[in-house]
Amino acid sequence: MAEKGSSTAPLLFRRRSSSEMKNKSASVSSSLLPAFGTVVDDGDLHLKRNVIAPYDRRYRWWQTFLVGLVIYSAWASILELTFDKAANGVLLFIDLVVDFFFAIDIILTFFVAYFDTSNFVLVDDHLKIAFRYVTRFWLFMDVASTIPFSLINKILIGEWHTGQVFGLLNLLRLWRLHRVGELFKRLEKDIRFSYFWTRLLKLICVTLFAVHSAGCFYYWLAARHKPSEHTWIGRLIGDFKQKGVWHGYTCSIYWSIVTLTSVGYGEFYSMNEGEKIFNSIYMLFNMGLIAYIIGNITNLVVQSVVKTFAMRDSINEVMRYAIKNQLPEGMREQMLAHMQLKFNTAELQQEEVLKDLPKAIRSSIAQHLFWKTVEKTYLFQGVSDDFLSQLVSEMKAEYFPPRIEIILQNEIPTDFYILVSGAVDMVTYKNGTEQFLSNLESADMAGEIGVIFNIPQPFTVRTKRLSQVIRISHHQFKQMVQSESGDGKIIIANFMEYLRGLEKDMLQELPFLTELLADQNVQPTSQNEEKQNRETMDSTYGNPTGTSNTSDPSLSAGTIRVIIYGYHPSKKTMSGDRFGKLIYLPNSIADLFNLAEKKLGKRGSTILMADGSEVEDLSALRENDHLFIV
């Protein structure tokens, strides 16, 4: 957060490296975003003791390390089945080390929280984690693929055994290949890596594994066939079994690639029925594999990643715009974070689904998600359930990335916000210097001062981290309060109590509150409660922009707010009188003169509009009209 007195202009930002920007964006894209309505006290989820978060960076690195071991296991298990010399060599001891790491991972899995897709909750209960792992097929296959059968045979019998039975059992290690698929899924969603090259690398890996597997199994058929001269390799190399592993593996891979690509040079071909059957199956498999590769590449380029391409195109357009207009790097970071978050929260917000639902269902959903948060907000404590239900139903939900301004100082008030989760800072700018005022957390409000007083927003509100907010528009809130006078009085009383408790630094930014709070130093009684609640809104504040809200002809005197001035509209004054006073329009002209005398300090006899025309009937006035008492 910014310290008091730090010299920072509103539109100037500290320069950050491009790598830092990419890391921030990637963290937003790869993190588990909290569901709407879930209150998070701080930046990290609090899990139970000895529970590992599945998105923890250290655990992710461990999983990536295991993927490397999986690739080795998939290559070695088939190779060891085919070539006995390879199974008796150094690979045997490497397999034991690899199995040891996967045994550790089985133990760790009992302590890793999982994401329940039925209710989108991260489950960290040890019993539930263990029950889920034990009752599914995963544990059985993980254990079966990790058991060192050769070592067990060595312990029981006293010798290493690498026969065909043990070679076939080692093929259970191929179960681990599902980890590679999970890694590629994660890489495809990480914007730090090119989606095209990630997908292409996946297709290459599938092809290489198919070539390796087919070549090894074809050699395995030849090595077990008698006589060896009646095999695809024995016809040309009579003593191929005495050749080294590398020589046999090279011939097998050469045959597999030639067959896969449908080149068919003719050096190696089937010599017995078993090889003919295997060749036929392999060629049929190749047809499907080639169709799979071509189809995936076509979808990769044309169809399959429409949303990803749309996201990347949008981000590229934003960055090109920023570079073309030479925007500061801090602005580029904010623009990039906003676009990234927009695409990543689209599924959570499910706007396309909600817009097609009836209003009653949408209202029920909003109440389920946000009722407790809104109920805790200071402004709405004590209001009726009907008012609260109506209020929650009209609110809109949004995500904001870190270091983004939700509200800008001096902007026209259109909405106020309630923080669901995350944290924001309230700051103000004076002569280009940023001053920190306070921070807000869950169930706190921002922007309500500007909305209730109908003044430009007095503070800038900036997020500290990824935050969820719900907002309601100025116009909708005003309509609800006007229709519920009893709840409106409670809201005004809560608001006044909040203003009395403001810190000195914030009160200094709202000088007109001094007079307002002085007028309200006596607690309302049953006789004057309505009158004092009315005068609460007669705040002293200038309106230099001259803007006004949309007029509502249905409003009656006593609910219309107007701005009064103590000079002639044609007079160019430089005194403090050039700022008007915001009041509720009384029921008669005489009452208006009396109220103007109290507010402006001088008695008037004529009421003029901005164009110089005289006002003779108060019923002709509309919301936020400018009146000149002379």
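What counts as what
- Residues numbered from 1 in each chain as written.
- Predicted model: local features only at pLDDT ≥ 70, side-chain atom pairs only at ≥ 80, totals over all residues.
- Heavy atoms only, no water.
- Helix = DSSP H or I, 4+ residues; strand = E, 2+ residues; numbered from the N terminus.
- Buried < 20%, exposed > 50% of the residue type's maximum accessible area, 1.4 Å probe, protein only.
- Contact = heavy atoms within 4.5 Å.
- Polar contact = N/O pair within 3.5 Å; in protein donor to acceptor, adjacent residues only side chain to side chain.
- Core = buried A, V, L, I, M, F, W, Y, C linked by side-chain atoms within 4.5 Å.
- Salt bridge = Lys/Arg side-chain N within 4 Å of Asp/Glu carboxyl O.
- Pairing = 2+ DSSP bridges.
- Patch = residues over 30% accessible without salt bridge, like charges linked within 9 Å, V, L, I, M, F, W, Y side chains within 5 Å.
- Areas by Shrake-Rupley, 256 points an atom, 1.4 Å probe, with all protein chains shown as cover.
- Axes fitted to C-alpha atoms, helices over the stretch in contact; angles between N-to-C directions.
- Lys, Arg positive; Asp, Glu negative; His and termini not counted.
- Charge placed at Lys NZ, Arg CZ, Asp CG, Glu CD.
- Phe/Tyr/Trp six-rings, centres within 6.5 Å; stacked < 30°, edge-to-face > 60°.
- Arc of directions from axis to C-beta.
- pLDDT = per-residue confidence, 0-100.
- Parallel < 35°, antiparallel > 145°, perpendicular 65-115°, else oblique.
- Left-handed = near helix turned anticlockwise from the far one by under 90°.
- Nonpolar A, V, L, I, M, F, W, Y, C, P; charged D, E, K, R; others polar.

Draft legend 1. How the structure looks around the overall build of the protein chain. Counting its regular elements, the protein chain contains 25 helices and 14 strands. For the protein chain, the residues scored as buried account for 43% of the 630 residues in total. The long-range share in the protein chain, meaning contacts at least 24 apart out of those at least 6 apart in sequence, stands at 71%.

Draft legend 2. Molecular detail of the environment of Glu509. Structurally, the position occupied by Glu509 is in the loop between α22 (504-508) and α23 (513-519). As for Glu509 and Phe459, which are separated by 50 residues in sequence, their C-alpha atoms are 8.4 Å apart. Non-local contacts of Glu509, meaning those with residues more than four positions away in its chain, are made with Thr428, Lys430, Gln435, Leu437 and Phe459.

Draft legend 3. Spatial organisation of the side chain of Thr231. Locating Thr231 in the fold gives a position in the loop between α10 (195-223) and α11 (245-260). From its side chain, Thr231 meets the backbone nitrogen of Gly234 in a polar contact 2.9 Å long. In this view, Thr231 contacts Ala222, His225, Phe240, Met271, Asn272 and Glu275; residues no more than four positions away in its chain are not counted.

Draft legend 4. Geometry of the nonpolar core. Counting 48 residues, the largest nonpolar core has Val374, Leu379, Phe380, Leu391, Ile449, Phe477 and Phe495 as its most contacted members. Setting aside its immediate chain neighbours within four residues, Phe495 contacts Tyr378, Leu379, Glu448, Ile449, Ile452 and Phe453. The next biggest cluster of nonpolar side chains, apart from the first, holds 43 residues, and it includes Phe184, Ala210, Leu260 and Leu289.

Draft legend 5. Quick look at the pattern of salt bridges. Scanning the entire structure with this criterion turns up 15 salt bridges. Ionic pairing is found between Glu80 and Arg173, a salt bridge with its closest N-O pair at 3.8 Å. Placement of the pair is Glu80 in helix α2 (residues 57-82) and Arg173 in the loop between α8 (164-170) and α9 (178-189), with a sequence separation of 93 residues. The salt bridge partner of Asp415 is Arg471, with a shortest N-O separation of 3.4 Å.

Draft legend 6. Spatial organisation of the pairing of strand β12 (residues 581-584). What you see with β12 is no split at all: Lys581 and Ile583 on one side and Leu582 and Tyr584 on the other are buried throughout. Both strand β11 (residues 561-565) and β12 contribute to a ladder of 4 bridges, which runs antiparallel. Residue Ile564 lies in a different strand from β12, and its bridge partner there is Lys581.

Draft legend 7. Summary view of a nonpolar patch on the surface. The grouping of Phe196, Trp197, Ile297, Val301 and Val302 at the surface amounts to a nonpolar patch, some 490 Å² of accessible area in total. Elements with a contribution of two residues or more to the nonpolar patch: α10 and α12 (273-301). Examined against the element boundaries, Ile297 turns out to sit in helix α12.

Draft legend 8. Expanded view of the sheet that holds strand β13 (residues 607-608). Overall, mixed pairing links the 4 strands, which are arranged β12-β11-β14-β13 in an open sheet. Whereas interior strands pair on both sides, the edge strands pair on one side only; in this sheet they are β12 and β13. Together, β11, β12, β13 and β14 (626-629) form the strand contacts of helix α25 (residues 589-600), whose direction differs from that of β12 by roughly 145°.

Draft legend 9. Region of the structure containing a negative patch on the surface. Among the surface-exposed residues, Glu375, Asp385, Asp386 and Glu484 lie close enough to one another that they form a single negatively charged patch. Secondary-structure assignment places Glu375 in helix α17 (residues 359-376).

Draft legend 10. Highlighting the sheet that holds strand β9 (residues 460-463). One open sheet holds the 4 strands; their spatial order is β4-β9-β6-β7, and the pairing between them is antiparallel. Lying at the two open borders of the sheet, with one neighbouring strand each, are β4 (405-407) and β7 (433-440). On average, each strand axis in the sheet is inclined to that of its neighbour by 35°, with strand direction left out of account. Both strand β6 (residues 424-430) and β7 contribute to a ladder of 7 bridges, which runs antiparallel. Counted as the bridge partner of Val424 is Leu440 from β7.

Draft legend 11. Unusual backbone geometry, seen in detail. Residue Pro227 follows Lys226 across a cis peptide bond; omega there is -5°. Structurally, Pro227 can be placed in the loop between α10 and α11. With a phi angle near 75°, Asn410 is a residue other than glycine that sits in the positive phi range. Inspection of the secondary structure puts Asn410 in the loop between β4 and β5 (415-421). Judged by relative accessible area, Asn410 falls into the exposed class, the value being 53%.

Draft legend 12. Fine view of the packing of aromatic side chains. As enumerated under the stated definition, the model contains 29 aromatic pairs in all. Measuring from ring centre to ring centre gives 5.1 Å for Trp232 and Phe268, while their planes differ by 85°; the resulting arrangement is edge-to-face. Of this pair, Trp232 sits in the loop between α10 and α11 while Phe268 sits in the loop between α11 and α12, and the two are 36 residues apart along the sequence. The pair formed by Trp232 and Phe268 is uniform in burial state, with each residue classed as buried. An aromatic cluster is present here, built from Tyr218, Trp232, Tyr254, Trp255, Phe268, Phe278, Tyr282 and Phe285 joined pairwise through their rings.

Draft legend 13. Inspection of the environment of Asp415 at higher detail. Along the chain, the position of Asp415 falls in strand β5. Judged by relative accessible area, which is 12%, Asp415 ranks as buried. Sequence separation of Asp415 and Gly447 is 32 residues, and the distance between their C-alpha atoms is 7.0 Å. Leave out the neighbours within four places in its chain, and Asp415 touches Gly447, Val451, Gln457, Arg471, Ile472, Ser473 and His474.

Draft legend 14. Representation of helix α20 (residues 474-483) in the model. Residues His474, Phe477 and Met480 constitute the buried set of α20. Taken down its axis, α20 places every buried residue within 135° of arc, on the same side. Turning to α20, the residues buried within the fold contact α18 (385-393), β5, α19 (448-453), β10 (467-473), α21 (485-500) and β11.

Draft legend 15. Structural detail: the confidence of the model for the protein chain. Per-residue confidence for the protein chain averages 76 on the pLDDT scale, and 78% of its residues sit at or above 70. In this model, residues 38-44 is a region of pLDDT below 50 whose contacts with residues beyond four sequence positions or in other chains number 14 contacts. The model gives residues 522-558 a pLDDT under 50, and that stretch makes 66 contacts with residues more than four places away or in other chains.

Draft legend 16. Local environment of the packing of α17 against α18. Their axes nearest at 8 Å, the elements α17 and α18 cross at an angle of 115°. The pairing of α17 with α18 is recorded here as roughly perpendicular in orientation. Crossing geometry of α17 relative to α18 is assigned as right-handed. Of the residues in α18, those touching α17 at Ser363, Ala366, Gln367, Phe370, Trp371, Val374 and Glu375 are Asp385, Leu388, Ser389, Leu391, Val392 and Ser393. Along the lines of polarity and charge, the residues of the contact of α17 with α18 split into 7 nonpolar, 4 polar and 2 charged.

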